[in-house]
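Examination of the molecular architecture
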Amino acid sequence: MRANIKTSDYFDNYYELQLDDLNYYESSLEKGKAKEGRISAVKRKLFTISFYTLITKYSSGYEVSKLILVIRYIGKNNRKSITIT
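Attention in this report is confined to the structure presented alongside it.

What counts and how
- Residues numbered from 1 in each chain as written.
- Predicted model: local features only at pLDDT ≥ 70, side-chain atom pairs only at ≥ 80, totals over all residues.
- Heavy atoms only, no water.
- Core = buried A, V, L, I, M, F, W, Y, C linked by side-chain atoms within 4.5 Å.
- Buried < 20%, exposed > 50% of the residue type's maximum accessible area, 1.4 Å probe, protein only.
- Helix = DSSP H or I, 4+ residues; strand = E, 2+ residues; numbered from the N terminus.
- Axes fitted to C-alpha atoms, helices over the stretch in contact; angles between N-to-C directions.
- Parallel < 35°, antiparallel > 145°, perpendicular 65-115°, else oblique.
- Left-handed = near helix turned anticlockwise from the far one by under 90°.
- Contact = heavy atoms within 4.5 Å.
- Nonpolar A, V, L, I, M, F, W, Y, C, P; charged D, E, K, R; others polar.
- Phe/Tyr/Trp six-rings, centres within 6.5 Å; stacked < 30°, edge-to-face > 60°.

**Focus on the nonpolar core**
- Ranked by size, the top nonpolar core spans five residues in total: Tyr-15, Leu-19, Leu-22, Leu-46 and Ile-49.
- Broken down by secondary-structure element, the contributors of at least two residues to this core are α1 (8-30) and α2 (39-59).
- Looking at this core element by element, the count peaks at three residues for α1.

See the structure below:
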């Protein structure tokens, strides 16, 4: 673990909450629940959550080589690579 201030349980819980948020916002886009004027805000939120997830994984000691998949997600907006464990 790179960050010694927080426990591994903290990182695990934070990561799970981030995944829940990602699922919520993605679902709202897929099901058309997001209002037309809010779509860009929802996509920005998805990016932000993904970026914070990347930071969380790095801080918890995740292998940098595996984080490349998360970085690709952030660049391409392809959710499937964010669910690595």
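**Points about the packing of α1 against α2**
- The contact between α1 and α2 brings their axes to 10 Å, and the two run at 160°. As judged from the angle between their axes, α1 and α2 are roughly antiparallel. In the packing of α1 onto α2, the handedness of the crossing is left-handed. Here α1 contributes Phe-11, Tyr-14, Tyr-15, Gln-18, Asp-21, Leu-22, Tyr-25, Glu-26, Ser-28 and Leu-29 to the contact with α2, which in turn contributes Ile-39, Val-42, Lys-43, Lys-45, Leu-46, Ile-49, Ser-50, Tyr-52, Thr-53, Thr-56, Lys-57 and Ser-59.
- A breakdown of the residues in the contact of α1 with α2 according to their chemical character gives 11 nonpolar, six polar and five charged.

**Considering the packing of aromatic side chains**
- According to the stated counting rule, one finds five aromatic pairs in the structure shown.
- Ring geometry for Tyr-10 against Phe-11: centres 5.4 Å apart, planes inclined by 75°, an arrangement best described as edge-to-face.
- Seen from their ring centres, Phe-47 and Phe-51 are 6.3 Å apart, and the 5° between their planes marks the pair as stacked. Highlighted residues: Phe-47 and Phe-51, both in helix α2, separated by four residues, approximately one helical turn.
- Owing to a relative accessible area of 37%, Phe-51 belongs among the partly exposed residues under this scheme.

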